[in-house]
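Examination of the molecular architecture
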Amino acid sequence: MEIVDQIRNIANIVDIASQYTNLKRRGRKHIGLCPFHSEKQPSFTVDDEKQLFHCFGCGVGGDVFSLVMEKENLSFPEALRYLAEKYNLELPETRKTSPKQRNLEEKLFKINEDTLAYFKKNLFNTSEGRKALEYLKKRNITEDTIQKLKIGYALNSYTALLDYFQRKGVSANDLEKAGLVIPSQKKEGHYDRFRGRIIFPIFTPTGKVVAFGGRTVINAEPKYLNSPDTPVYSKGNLLYGLNFSKNSIRERGEVILVEGYTDFTALFQSGITQVAASLGTSLTPNQVYQALLFLPRLATIIVNYDSDSAGIAAALRAIHISWGKGANIKVLTLPEELDPDSFLQKYNKEEYLKQLEKSPSVLKLLIDSYIREANMNIPEEKAAIVRKVVREIEKIQIPDPLVRSEYLKQASEYLSVDEDVMRSVAQQKTSEEKIEKKESFLVAEKRLLQILMEDKNLAPHVFAEMKKEHFQGLKSEPIFSDLSESFKNGTPSSLPELKQKIDRSLFSLLSEALMEKERAPTLEEAIECLNTLRQYSLENQAIKLKEQIARIEREGEKDKLSPLIKQLQEIKNQLSSLSQRDYKDLSFINRDSVAKERS
Ligand SMILES: [Zn+2]
């Protein structure tokens with residue numbers, strides 16, 4: 001083992017950082033006053049698990065080596081020596097890689113695959129299943145949709161699934177871990193969780209089945225029942241249906257978020273396929289983030305929840321989560337308090353699209369929610385609301401200043417405040433607010449950086465697929481360019497090495513990105529990110545070409561047009577083949593071998 005790795009294994013960044021400031025534990029992280037700048041509110045954060053630090057005030061950050069280099073004013077080799085002396089290197093501990101955890105995950109994936117096949121067979125090959133099939137058809141769900149979404153059926157029995165797996169030698173304990181059976185309260189043993197239910201399997205965006213949702217056909221309670229959280233499934237981290245809809249979301253640059261799988265199914269079947277379901281009203285940041293992974297540029301998120309207050313609250317949550325990421329949010333509230341499924345049953349696709357077209361910007365909703373909390377007749381309260389709204393608008397990271405300006409104009413109308421006053425408020429920004437409004441990475445860009453920096457096993461496969469055009473023009477271009485270069489030379493850059501080569505503000509963005517809590521990455525996810533970045537670059541090229549074409553047309557030099565139009569067509573072709581592309585077709589690797597390498 002290299003000395004760098006040895007030190008990394010032994011040195012604890014929390015101990016080292018504690019030499020310089022008082023740290024308090026907050027959840028998984030430690031927080032304290034920043035030793036690099038003077039502050040009253042602690043914004044210096046140390047992540048024990050990732051062994052990274054970052055200051056959200058001044059932007060300094062990195063790993064244990066960067067910390068020592070920065071604070072002790074040492075070069076990288078000096079920092080190595082400093083840490084080596086501090087720790088006993090004769091005791092190289094292995095870091096908490098947990099093959100046990102990986103094995104369990106693989107086992108659960110396999111159980112879920114088998115369960116999916118079993119439920120599907122039930123639907124078509126049992127008399128009970130055929131009744132469920134009739135029920136589905138009565139609800140206008142076609143056989144084509146049933147096949148596409150891999151809908152199945154759980155028999156109305158306490159042991160059908162249990163027996164099925166017992167014959168295959170799978171233990172009830174493992175089934176319990178998969179969330180498929182429940183330990184019996186009264187006597188020994190377990191019983192099936194899903195009984196007499198139509199089953200909607202829940203997949204990761206890359207198509208692995210990780211959980212199930214069931215709708216009762218025997219009037220049992222609750223009407224809808226989902227798998228509990230398991231080692232491979234956490235409810236708040238997944239959007240239902242993304243594996244089916246991601247290409248359509250990519251193509252249209254928008255996503256409609258609905259509550260449940262029946263709403264998803266109704267829209268998807270009608271041909272409105274840019275849709276995903278949050279499986280509940282509590283939309284989480286991770287869910288919004290997942291949808292944005294497939295959207296390279298200013299995206300539109302349409303929240304189409306029930307019109308009750310829970311639905312509105314969900315939309316407001318989506319605003320706060322997404323505005324920072326540059327997404328445009330609309331809220332679609334269907335008439336007669338109908339949910340998307342009932343609306344499509346009663347009316348039709350065209351009516352739905354009309355409603356979609358009309359769906360209002362969320363800005364009004366946001367302002368209404370502020371106004372409700374305040375007395376607008378009191379000048380001070382009204383002023384506070386105006387400032388709050390301006391701050392929200394300023395936070396939107398839309399590259400186009402015209403769009404932001406338009407938001408200000410709308411807000412001044414809703415609040416009945418003179419537009420010029422609104423603009424002058426926008427210009428008085430305190431230094432604190434300036435820090436808040438910093439540049440950021442695209443979602444896919446950031447995720448790919450996290451994957452490359454954190455998963456050494458995946459990196460070779462990603463670099464094999466990655467070309468310059470994937471990162472050209474991105475904010476992170478210098479990072480990607482160094483990483484791929486150093487990787488090709490067989491000496492991947494460490495964080496402190498990167499720090500020497502890129503500018504400070506960019507490194508700060510990177511160290512902040514690495515602090516974020518993330519799921520374990522997969523190769524498929526990395527490839528999706530690459531696809532999104534490729535799309536971003538192609539779309540940028542297309543925009544430039546279109547501008548060029550418009551200029552030449554204005555200037556009347558028609559003979560120069562045809563090569564440009566040809567080029568534009570070529571880019572359009574590439575874009576459409578991109579959304580057809582599937583990581584499963586990639587020749588360089590198959591999924592199992594990667595799974596094995598990672599364990
Ligand atoms: Zn600081």
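Residues numbered from 1 in each chain as written. Predicted model: local features only at pLDDT ≥ 70, side-chain atom pairs only at ≥ 80, totals over all residues.

1. Some details on the overall build of the protein
Per the secondary structure count, the protein includes 29 helices and 15 strands. Burial analysis of the protein (599 residues in total) assigns 35% to the buried set. Within the protein, contacts between residues separated by at least 24 positions form 64% of all contacts whose residues are at least 6 apart in sequence. (Helix = DSSP H or I, 4+ residues; strand = E, 2+ residues; numbered from the N terminus. Buried ≥ 20, exposed ≤ 12 C-beta atoms within 10 Å, placed from the backbone. Contact = placed C-beta atoms within 7 Å.)

2. Some words on the pairing of strand S2 (residues 29-32)
Relative to S2, strand S1 (residues 24-26) runs antiparallel, the two being bridged by three bridges. Across the sheet, residue arginine 26 finds its bridge partner in S2, namely lysine 29. Relative to strand S3 (residues 44-47), S2 is paired through four bridges, and the arrangement is antiparallel. The residue of S3 that forms the bridge with isoleucine 31 is threonine 45. (Pairing = 2+ DSSP bridges.)

3. Some points on the nonpolar core
Membership of the largest hydrophobic core comes to 123 residues, with the highest contact counts inside it found for Ile199, Tyr240, Leu257, Phe264, Ala276 and Ala291. By residue number, the principal contributor to this core is helix H21 (residues 443-454), which donates seven residues. Beyond its immediate stretch of four places on either side in the chain, leucine 257 contacts Ala276, Ser278, Leu283, Ile301, Ile302, Val303 and Asn304. (Core = buried A, V, L, I, M, F, W, Y, C linked by C-beta atoms within 7 Å.)

4. Considerations on the sheet that holds strand S10 (residues 209-216)
Taken in spatial order, the four strands of this open sheet run S6-S9-S10-S11, and their pairing is antiparallel. Two strands close off the open sheet at either side, each with one partner strand: strand S6 (152-154) and strand S11 (224-226). Shown here is a sheet whose adjacent strand axes are inclined to one another by a mean of 35°, direction ignored. (Axes fitted to C-alpha atoms, helices over the stretch in contact; angles between N-to-C directions.)

5. Considerations on the sheet that holds strand S4 (residues 52-55)
With respect to topology, five strands assemble into an open sheet ordered S1-S2-S3-S4-S5, the strand pairing being antiparallel. What marks the edges here is a single partner per strand, and that holds for S1 and strand S5 (61-63). Averaged over all neighbouring strand pairs, the angle between strand axes comes to 25°, with direction disregarded. Sitting on the sheet, helix H3 (residues 64-72) touches S4 and S5, and the angle it makes with S5 is about 120°. Across the sheet, helix H26 (residues 504-515) is in contact with S3, S4 and S5; its angle to S4 comes to roughly 120°.

6. Overview of the environment of glycine 59
In this structure, glycine 59 sits in the loop between S4 and S5. In this structure the C-alpha to C-alpha distance between glycine 59 and serine 511, which are 452 residues apart in sequence, comes to 8.3 Å. Contacts of glycine 59, omitting those with residues within four sequence positions, involve Ser505 and Ser508.

All quantities given are derived from atomic positions and should not be read as evidence of function.
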